[in-house]
Amino acid sequence: MHTDGRRGFASIEWRMKIGIIGCGKISGAYLECARLFPVLEITRCADLLPAQARARAVEFGVPQSGTVEELLMDSKIELVINLTIPAAHAEVNRAILESGKHVFCEKPFALDRAEGARLLELAGMKNLRIGSAPDTFLGEAHQTCRKLIDAGGIGEVIAATAFLASHGPDHWHPNPEFFYQPGGGPLFDMGPYYLTALVNMLGPMARVTGFAKKGFVERFATVGGLPGRRMEVGTPTHVTGVVEFVSGAVATVIMSFDVWQHTLPLLQVHGTTGSLDAPDPNLTGGIPRIFRAGGKDWENVRVAFPAIYRVEYGRGAGVAEMAEAILAGRPHRASGEMALHVVDAMQALLESAEQERAIGLSTTCERPVPVS
């Protein structure tokens, strides 16, 4: 093993053979970024529409493509990236594990805590690994935030705010219907980025209180094959919640597809001696800012972390880190346990809104080890 001087990434002779199931929009980001990680060798693409898998394989030089069944039967593939729609995540994850392969799943890991727990149990029985997006917390910007908090840069953490407010994916996604069904909505679609970033910085969550509503009963797609097509909304599109962490810190969370415009900060953490303004958790890069007690304005925080997690790695760092961890025999950071904990919190927020009470979480996880 030696260091690749251009990126600071461990260059190794051994490469893990990877398959991808689901060749829609997000697959391009994974396939593009996989080229940057020496440990990953994408050998096969699969999709319910084999022609779509073939098109992606040709575009990115992947040697094989075809059906999901063919991929699962390929004994050379060791790990599969699941990029299907959220409603199919649990079923496809189970099939991957049953075929004897590790799995890295796009967010959300599952639609509820029960099916997520069953998947972790199955993986344990088969001595396989589960990893899950988001992996953006591995990026240099959010690792810098983690380092600053751990060093006491803002004192004892008191509170945090996490705001995602837009008018939804109607205007940019070619097939946005699934965003407005269970497993979608702003909470399950974008909530994993914000909650995972907070768990990385503050540790596991303890209980939540939530309020939720549908701002519009129907939506209209504006791009794709049938622009203007009507979509019935089947899940809350505006969720407001409070999350209490085991540490005692309290976060205010707003996830909305019902906002036309706003000036809210994306992600901030407030402590006894200062406040931290963190970059967009949907991205790996950005410049954190700190406001120190007694100061007059925000100050930029110098970002200095290993080049493997630079902004150019938009998606796929978690897969590469997981493959490296399997090789080294150590835990991987974007773990199934943390993904399940986030699903538990999101489900509990919706349950709290329905039941009009605070709900304690039934899961927990280890705070991921910081990148050094």
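Structure's up top.
A brief look at the structure comes next. A quick note: this is a predicted structure, and the numbers were derived from the prediction, not measured.

Scoring rules and cut-offs
- Residues numbered from 1 in each chain as written.
- Predicted model: local features only at pLDDT ≥ 70, side-chain atom pairs only at ≥ 80, totals over all residues.
- Heavy atoms only, no water.
- Buried < 20%, exposed > 50% of the residue type's maximum accessible area, 1.4 Å probe, protein only.
- Helix = DSSP H or I, 4+ residues; strand = E, 2+ residues; numbered from the N terminus.
- Pairing = 2+ DSSP bridges.
- Contact = heavy atoms within 4.5 Å.
- Axes fitted to C-alpha atoms, helices over the stretch in contact; angles between N-to-C directions.
- Polar contact = N/O pair within 3.5 Å; in protein donor to acceptor, adjacent residues only side chain to side chain.

## Thoughts on the pairing of strand 16 (residues 274-278)
Point 1. The buried fraction of strand 16 amounts to five of the five residues, a majority that puts the element mostly inside the structure.
Point 2. Neither face of strand 16 is open: one carries G274, L276 and A278, the other S275 and D277, and all of them are buried.
Point 3. Inspection of the sheet shows strand 15 (residues 267-271) paired to strand 16 by four bridges, in the antiparallel sense. Among the inter-strand pairings, H270 is bridged to a residue of strand 16, identified as S275.
Point 4. From the end of strand 15 to the start of strand 16, which pair antiparallel, there are two residues.
Point 5. Strand direction decides the pairing type here: strand 16 and strand 17 (residues 289-292), joined by four bridges, are antiparallel. Paired with D277 across the strands is R289, a residue of strand 17.

## Some details on the environment of I20
Point 1. Along the chain, I20 falls in strand 3 (residues 16-21).
Point 2. When the C-alpha atoms of I20 and I77 are compared, they prove to be 10.0 Å apart, with 57 residues separating the residues in sequence.
Point 3. Here I20 is in contact with L31, I42, R44, C45, A46, L71, I81 and L83, once residues within four sequence places are set aside.

## Quick notes on the sheet that holds strand 6 (residues 79-82)
Point 1. With parallel pairing, six strands are arranged side by side in an open sheet as 5-4-3-6-7-8. This sheet does not close on itself; its edge strands, each paired only once, are strand 5 (64-66) and strand 8 (130-132). With strand direction ignored, the average angle separating the axes of adjacent strands in the sheet is 25°.
Point 2. Here strand 4 (residues 40-46) runs beside strand 5; their pairing, made up of three bridges, is parallel. Residue pairing across strands places A46 opposite G66, the latter belonging to strand 5.
Point 3. Across the sheet, helix 8 (residues 317-328) lies against strand 3, strand 4, strand 6, strand 7 (102-105) and strand 8, angled at about 155° from strand 7, the strand it touches most.

## Quick look at the side chain of H341
Point 1. Considering the arrangement of structural elements, one finds H341 in helix 9 (residues 336-355).
Point 2. For H341, a relative accessible area of 0% corresponds to the buried category.
Point 3. Among the polar contacts made by the side chain of H341, one reaches the side chain of T363 at a distance of 3.0 Å.

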